[in-house]
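Single-letter residue listing:
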Amino acid sequence: MDTLCVDGDDMTTMETMVAGDIWQGALEKIQSHISSQAFETWFRSLDPLEFDGSALVLDVPSQFYVDWLDHHYRGLIESSLSATAGRPVALSFHVRSVDVPVFEERPRGPLPGRIECYLSPHNTFETFIVGSGNQFAHAVAQAVAQSPGERYNPLFLYGGVGLGKTHLMHAIGHQVRATRSQARVFFVSAEKFMNEMIYAIQHATTLEFKSRYRTADVLLIDDIQFLAGKESTQEEFFHTFNTLHDAHKQIVLTSDGPPNAMTAIEERLVSRFTWGVVADLQAPDLETRVAIIKKKAELQGRNIPNEIALLLASNIKNNIRDLEGSLSRLLAFADLMSHELTIEFAQEVLRDQIKPDLARVDVSDIQRLVARHFNVTEESIRGKRRTDVIAFPRQVGMYIARAVTDLSFQEIGAKFGGRDHSTVLHACHKIEGLMTTDKELRVVVEDLMASLST
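Residues numbered from 1 in each chain as written. Predicted model: local features only at pLDDT ≥ 70, side-chain atom pairs only at ≥ 80, totals over all residues. Heavy atoms only, no water.

1. Digging into helix 12 (residues 306-315)
Counted residue by residue, helix 12 has 10 buried out of 10 residues, so it is predominantly covered. Within the sequence span of helix 12, burial applies to Asn306, Glu307, Ile308, Ala309, Leu310, Leu311, Leu312, Ala313, Ser314 and Asn315. (Buried < 20%, exposed > 50% of the residue type's maximum accessible area, 1.4 Å probe, protein only. Helix = DSSP H or I, 4+ residues; strand = E, 2+ residues; numbered from the N terminus.)

2. Comments concerning the sheet that holds strand 8 (residues 277-281)
The strands that make up a sheet pair up through hydrogen bonds in the backbone, lying either parallel or antiparallel. Within the open sheet, the five strands sit side by side as 5-6-7-4-8. Their pairing is parallel. Looking at strand neighbours, the two that pair on one side only are strand 5 (185-189) and strand 8, the edges of this open sheet. Strand after strand, the sheet turns through a mean of 15° between neighbouring axes, direction not considered. Judged from the four bridges that link them, strand 6 (residues 218-222) and strand 7 (residues 250-255) form a sheet pairing that is parallel. When the sheet's bridge partners are listed, leucine 220 is paired in strand 7 with valine 252. Each of strand 5 and strand 6 is contacted by helix 7 (residues 190-202), which is oriented at about 95° to strand 5, the strand it contacts most. (Pairing = 2+ DSSP bridges. Axes fitted to C-alpha atoms, helices over the stretch in contact; angles between N-to-C directions. Contact = heavy atoms within 4.5 Å.)

3. Observations regarding a nonpolar patch on the surface
Among the surface-exposed residues, Phe333, Leu336 and Met337 lie close enough to one another that they form a single nonpolar patch of about 340 Å² accessible area. Relative to the elements of secondary structure, leucine 336 occurs in helix 13 (residues 320-336). (Patch = residues over 30% accessible without salt bridge, like charges linked within 9 Å, V, L, I, M, F, W, Y side chains within 5 Å. Areas by Shrake-Rupley, 256 points an atom, 1.4 Å probe, with all protein chains shown as cover. Salt bridge = Lys/Arg side-chain N within 4 Å of Asp/Glu carboxyl O.)

4. Thoughts on unusual backbone geometry
In this chain, asparagine 153 is followed by proline 154 through a cis amide linkage whose omega measures 5°. Along the polypeptide, proline 154 turns up in the loop between helix 5 (135-146) and strand 4 (155-159). One non-glycine residue with positive phi stands out, namely aspartate 223, at about 55°. Within the secondary structure, aspartate 223 sits in the loop between strand 6 and helix 9 (231-246). Since its relative accessible area comes to 33%, aspartate 223 is described here as partly exposed.

5. Considerations on the packing of aromatic side chains
Under the counting rule described, the total for this entry stands at 10 aromatic pairs. Seen in terms of ring centroids, phenylalanine 241 and tryptophan 275 are 5.9 Å apart; in terms of plane orientation they differ by 65°. Their pairing is edge-to-face. Of this pair, phenylalanine 241 sits in helix 9 while tryptophan 275 sits in the loop between helix 10 (267-273) and strand 8, and the two are 34 residues apart along the sequence. What makes phenylalanine 241 buried here is its relative accessible area of 1%. The exposure class assigned to tryptophan 275 is partly exposed, which follows from its relative accessible area of 42%. Members of the aromatic cluster, joined through ring pairs, are Phe186, Phe193, Phe209, Tyr213, Phe237, Phe241 and Trp275. (Phe/Tyr/Trp six-rings, centres within 6.5 Å; stacked < 30°, edge-to-face > 60°.)

6. Regarding the packing of helix 12 against helix 18 (residues 388-404)
Relative orientation of the contacting elements helix 12 and helix 18 amounts to 60°, with a least axis distance of 9 Å. The orientation of helix 12 with respect to helix 18, classified from their angle, is oblique. For the element pair helix 12 and helix 18, the recorded crossing hand is right-handed. Residues Asn306, Glu307, Leu310 and Leu311 of helix 12 form the contact with helix 18, whose participating residues are Tyr399, Arg402, Ala403 and Val404. Of the residues assigned to the contact of helix 12 with helix 18, the class counts are five nonpolar, one polar and two charged. (Parallel < 35°, antiparallel > 145°, perpendicular 65-115°, else oblique. Left-handed = near helix turned anticlockwise from the far one by under 90°. Nonpolar A, V, L, I, M, F, W, Y, C, P; charged D, E, K, R; others polar.)

7. Some points on the pairing of strand 5
For strand 5, a buried count of four out of five residues is recorded, marking the element as mostly surrounded by other parts of the structure. With five bridges joining them, strand 5 and strand 6 adopt parallel strand pairing. Opposite phenylalanine 186, over in strand 6, you have leucine 219 as the bridge partner.

Following this line, the structure appears as structure tokens:
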């Protein structure tokens, strides 16, 4: 009888394969419990080293990972490993050894403790909707991505929450990576930059920390206003900024306000923030918000009726993130309940997002605005006459009433001269159809709806 012999190398390979299978199964479970950004930041760079049947050893980039994973994710990791293996599995770490000279100008491999740069796959220039409020910022961001470090350095983007600053920053990172595969692109929030610096001081790894950021080709720092009042962090960032700028490396910063309005930030830093280009992002107009909704739905393979897009865009004005979140909520509910996307359904699902004052708009307000715009009387819109001069404004009024109130077709018809359900339905379909081809009419309707919410 032949005997199967397995040497040491083969045994190691077998153990690695088993460890890899168990770790892959655990990763699938972990991914369903945390955000995509947390998963990409903390789990993508981990490798299973060995598994003996009761304990798994993970190979991690640095001690920083060990401390963070142990404090925040040990329970989740061990429960996921145990569920995958079908028996209790303990977790231990092995810090990856990397021999890289701290002051080497172009490291051959990842620096000790380097946290890989996570860029959202959805935040690209192709998915960014350009409108009057962000046109300049978008154009400058594209120029920076095409020639990093050559013009507009630094680029300082500012604006309110959810207006696209981080989206543009990620888009720059994606573009640079696509055209310059060897470029070191670092994206980090100012808060994370500070936390890493504190950790480096505590664990005597400041040289590695300095080298990590000062050898970047493109440094993207989000929410730089967070450094206000943090004197030591400002000092470190000042020197990092100077090193990169002197080497013609690109720096991109975002903030909630312009540099000259930043308080508790050193004057020498504020001055440097204005060396390149300062661009603001303003709240998108109604047309841009509708386009954002349409694009977001299109990326998910969905088609949103115009009246629902207008309902969302008319109510959520100053935060693109909230706008997209409301759309995602609506689509999720429609899928889970197998429900058609109707205006009634949208109003019910999004009742918390819709401004109460707009959701309860009185039809008489709509009739007054429509009558004034089309130069007819309110009485004629509410009356029985069917002449073209009156019929079209009446149809517009019924369409708007349907879009911004929770009234049924029958209830709307009653307020427009006692029309029946089918008449109101026909009016809404007609106006919606015309708005897809008649831009002037679409602008008129959007302006009228916007007037109701002010």
